[in-house]
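Below, each chain spelled out in residue letters.
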Amino acid sequence: MVEYNTKDWFKAVFRIHKAETINRLAPLLGAMTVYTTIVAVVVLEFWKPGPNYHLQSIATVQSLLGFVMSLLLVFRTNSAYDRWWEGRKLWGSLVNNSRNLAIKLAHIIPATNEEDRAFFRYMIPNYAFTLKNHLRGYFLAEELKEAPGFRTTDLKQENHLPNQMAMRIFGKMDELYQKGIIRPEHLLVLNPEFQSFTDICGACERIKKTPIPFSYSLFLKKFISIYCLSLPFGYVVSLHYSVIPMVLFIFYVLTSLEEIAEEIEDPFGKDYNDLPTDDISNGIRKAVEELL
């Protein structure tokens, strides 16, 4: 995720956008430039229409369609941002619940029991790192810290890794319960934070695995393409060759909104605008190690 000053207008206006959005749109922008240039040359140099150029009426239809398209794009970007913001709230809950679980365990487990405290000191942050990489679709053993009774080689990478980490944490809690270190009332106190880990994992997986309906995305892309392809015919006579940069700019704005929406609707990756889950995971590790 990019860190920036929201109040700095100068940098916001003149900063070059380095996201992959530009790279993905480059072929389309090039094709649209060539297409608009060909239309302008054919109409202005060969067709040479008079003042009663009948295709100018397309501009009226385009103004009406532009209003409809703006509503669709607003809905599209809002739905994508809702997913991004929900993901941020879920990771905020993971931070809070990790801290709360560490605080409770710090008081329940005696200070002299360094081995059991060390287990939770490393395993609670390990869950956050495992979930982060699980949502990205890979496994990084070097980001995990081994704890007493836990080795990264014990994990089965073909299975659900966050569940395996949760099983390890609960297994240790049950072991301490059997030893009498954790009493029954302690389990009632610890259960909400522990259960929230799996709930947060499931909610994040729901966001990641439920994209916008295919038909809606397909329709919006077709709508934007047809709208922009018809623009040169409606304005070439009045704008002449200035229609080329105008159409290119409009096409860039509309397609960029769609591309940005696609980028942020899955906020758990490593794209330019995704959530800073690396920093959040490191923050959880720092906080838990301080508490335990």
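Residues numbered from 1 in each chain as written. Predicted model: local features only at pLDDT ≥ 70, side-chain atom pairs only at ≥ 80, totals over all residues. Heavy atoms only, no water.

### Let's talk about the pattern of salt bridges
Scanning all chains against the criterion turns up 18 salt bridges. With a shortest N-O distance of 3.0 Å, Arg121 and Glu114 are connected by a salt bridge. Here Arg121 falls in the buried class, since its relative accessible area comes to 12%. Look at the salt bridges and you will find they share partners, linking Arg76, Lys221, Glu258, Glu262 and Glu265 into a network. (Salt bridge = Lys/Arg side-chain N within 4 Å of Asp/Glu carboxyl O. Buried < 20%, exposed > 50% of the residue type's maximum accessible area, 1.4 Å probe, protein only.)

### Some thoughts on the environment of Ala26
If you trace the backbone, Ala26 turns up in helix α2 (residues 20-47). Placed 180 residues apart in sequence, Ala26 and Arg206 show a C-alpha to C-alpha distance of 32 Å. (Helix = DSSP H or I, 4+ residues; strand = E, 2+ residues; numbered from the N terminus.)

### Looking at the environment of Tyr216
The topology assignment puts Tyr216 in helix α7 (residues 214-239). For the pair Tyr216 and Leu72, spaced 144 residues apart in sequence, the C-alpha separation works out to 9.7 Å. With sequence-adjacent residues up to four places away left out, Tyr216 is seen in contact with Leu72, Phe75 and Arg76. (Contact = heavy atoms within 4.5 Å.)

### Things to note about the nonpolar core
The biggest cluster of nonpolar side chains holds 49 residues, and the ones touching the most others in it are Trp91, Leu94, Leu105, Phe120, Ile124, Tyr127 and Leu131. Among the secondary structure elements, those contributing two or more residues to this core are α3 (58-108), α4 (114-136), α5 (161-179), α6 (184-209), α8 (243-264) and α9 (277-291). Among the elements that make up this core, the one with the highest residue count is α3 (11 residues). The residues touching Trp91, leaving out its near neighbours within four places in the chain, are Ala128, Leu131, Lys132, Leu135, Cys204, Phe268, Thr277, Ile280 and Ser281. Listed in part, the 22 residues of the second largest apolar core include Ala40, Leu73, Tyr227 and Ile244. (Core = buried A, V, L, I, M, F, W, Y, C linked by side-chain atoms within 4.5 Å.)

### Side note on the state of the cysteines
This structure, assessed with the given rule, holds 0 disulfides. Counting only cysteine sulfurs, Cys204 is the nearest neighbor of Cys201, a cysteine outside any disulfide, at a range of 7.1 Å. On the accessibility criterion, Cys204 (0% relative accessible area) is buried. (Disulfide = S-S within 2.5 Å.)

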